[in-house]
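Commentary on secondary and tertiary structure
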Amino acid sequence: MSDRNGLIALSLPPLPYYVTTGLSVFAPGDQHPNRRNLGIFDLLWVVQGTLHIGEENRQWEVAAGQTLLLLPDRYHYAVKPCETETAFYWIHFDFAGDWTADAAAEQAPPLRQMWTNPRTLRLPQYASPAEFAQARGLLAKLLAEAGRGRTAAYWQEQRLFLELLDLLEDRGAERDEDAPAVRLANKAEAYLRQHFQSDITNRSLAAALHFHPNYVVRCMKETFGCSPMAYLHRYRLEQAKLLLLKTEWPVARIAEQTGFASAPYFSGRFRQFAGLSPLQFRKRYST
């Protein structure tokens, strides 16, 4: 087994982008396939048996109740075949932002300045999550959604995927999370993400959180470096990018689903954000 286990640090935004999931069952003597430069992250959740797997010069025995995150630009190989029946879920996801996989990732404090100075999502490459039983239920639901093959399942799949990352995230380096301003900013962030399809104003957000609007705005700016409405606008556009790539929905429907008042307004703001019209963006990045 590897003598040290690092953290994979992903600078947000953008958010990790769920691609697909599956459940593999290996009989004794079977082994994980060897692959080089897969191009996407491969997150393994072992529920039975043990996987003997390596990445470059590191090797692991991933037993039931453990996870392993294989990186997109590395060589992955079987160290030896499975000795007993081994079952594991795998999740493929993409990430278009900056990420690191070195010792510095374990030491660097998270950056809370959202958008201009991104927050860092820290995922352990090899772990035994305390919430594995809860994760297993989410994995089963994610697999069921993937099997339905419906475009409408996108929202449910993405939500379940992000819940799994939340269970896996390493929070050991987080600071000042108990400060009142940070707690309120986190609540505001969660509300905006959950209700981004709705018509939200500073006043309605503050009413939902039971605080004065000016105080909510100040806490968001102190914690994330932007106002609630700026955060909401950027989050809607990030979701629109995912829908343009994941679905074949027309622009008008994507505008409606992401909380924009009209398709022309959405198209104009999207062009300012991405440098391309929605249809140009879809054509360039979905082929």
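Here the structure is a predicted model, which means the values were calculated and not measured.

Enumeration according to the criterion identifies 8 salt bridges in this entry. A salt bridge links Arg159 to Glu163, with the shortest nitrogen-to-oxygen separation between them at 2.2 Å. Of the two residues, Arg159 and Glu163 both sit in helix α3 (residues 154-168), 4 residues apart, roughly one turn of that helix.

Turning our eyes to something else, we now look at the pairing of strand β11 (residues 119-124). Judged by how many residues are buried, β11 sits mostly within the fold: 6 of 6 residues are covered. Both faces of β11 are covered, namely the face carrying Arg119, Leu121 and Leu123 and the face carrying Thr120, Arg122 and Pro124. For strand β1 (residues 7-12) and β11, the ladder comprises 6 bridges, and the chain directions are antiparallel. Opposite Leu12, over in β11, you have Arg119 as the bridge partner.

Ranked by size, the top nonpolar core spans 48 residues in total, and within it Leu43, Trp45, Leu69, Ile91, Phe93, Leu123 and Leu164 carry the most contacts. Sorting elements by how many residues they give to this core places α3 first, with 6 residues. Setting aside anything within four residues of it in sequence, one finds Trp45 in contact with Gln66, Thr67, Ala87, Phe88, Tyr89, Ile91, Pro129, Phe132, Ala135, Leu139, Leu164 and Leu168. The next biggest cluster of nonpolar side chains, apart from the first, holds 16 residues, and it includes Leu237, Ala240, Trp249 and Phe270.

Packing of α3 against helix α7 (residues 228-246) brings their axes to within 12 Å, and their N-to-C directions diverge by 125 degrees. On the basis of their axis angle, the class for α3 and α7 is oblique. Viewed along their axes, α3 and α7 form a crossing whose handedness is right-handed. Touching Tyr154, Trp155, Glu157 and Gln158 of α3 are Gln239, Leu242, Leu243 and Lys246, all from α7. For the contact of α3 with α7, the class distribution of residues is 4 nonpolar, 2 polar and 2 charged.

Conventions adopted
As a convention, each chain's residues are numbered from 1 in the sequence order in which they are written. Local features in a predicted model are, by the rule used here, given only for residues with pLDDT of at least 70; side-chain atom pairs are given and counted only at 80 or more, and totals for whole chains, interfaces and linings are based on all residues. The side-chain figures draw on all heavy atoms in the structure; neither hydrogens nor water molecules are used. A side-chain nitrogen of Lys or Arg and a carboxyl oxygen of Asp or Glu constitute a salt bridge if their distance falls within 4 Å. Per the convention used, a helix needs a DSSP run of H or I reaching at least four residues, while a strand needs a run of E reaching at least two, with both numbered from the N terminus. Only protein chains enter the accessibility calculation, which uses a 1.4 Å probe; a residue is then buried when its area is under 20% of its type maximum, exposed when over 50%, and partly exposed in between. Any two strands are treated as partners once DSSP identifies two or more bridges connecting them. Residues enter a nonpolar core if they are buried and are Ala, Val, Leu, Ile, Met, Phe, Trp, Tyr or Cys, with the set joined through side-chain atoms within 4.5 Å. Whether two residues touch is decided by their heavy atoms; if any such pair falls within 4.5 Å, the residues are in contact. Axis lines are fitted to C-alpha atoms, over the contacting stretch for helices. Their N-to-C directions set the angle, which ranges from 0 to 180 degrees. Note on terminology: angles under 35 degrees are roughly parallel, angles over 145 are roughly antiparallel, angles of 65 to 115 are roughly perpendicular, and the others are oblique. For any helix crossing, the convention is left-handed if the near helix is rotated counterclockwise from the far helix by under a right angle, and right-handed if that rotation is clockwise. Amino acids are sorted into nonpolar (Ala, Val, Leu, Ile, Met, Phe, Trp, Tyr, Cys and Pro), charged (Asp, Glu, Lys and Arg) and polar (every other residue, Gly among them).

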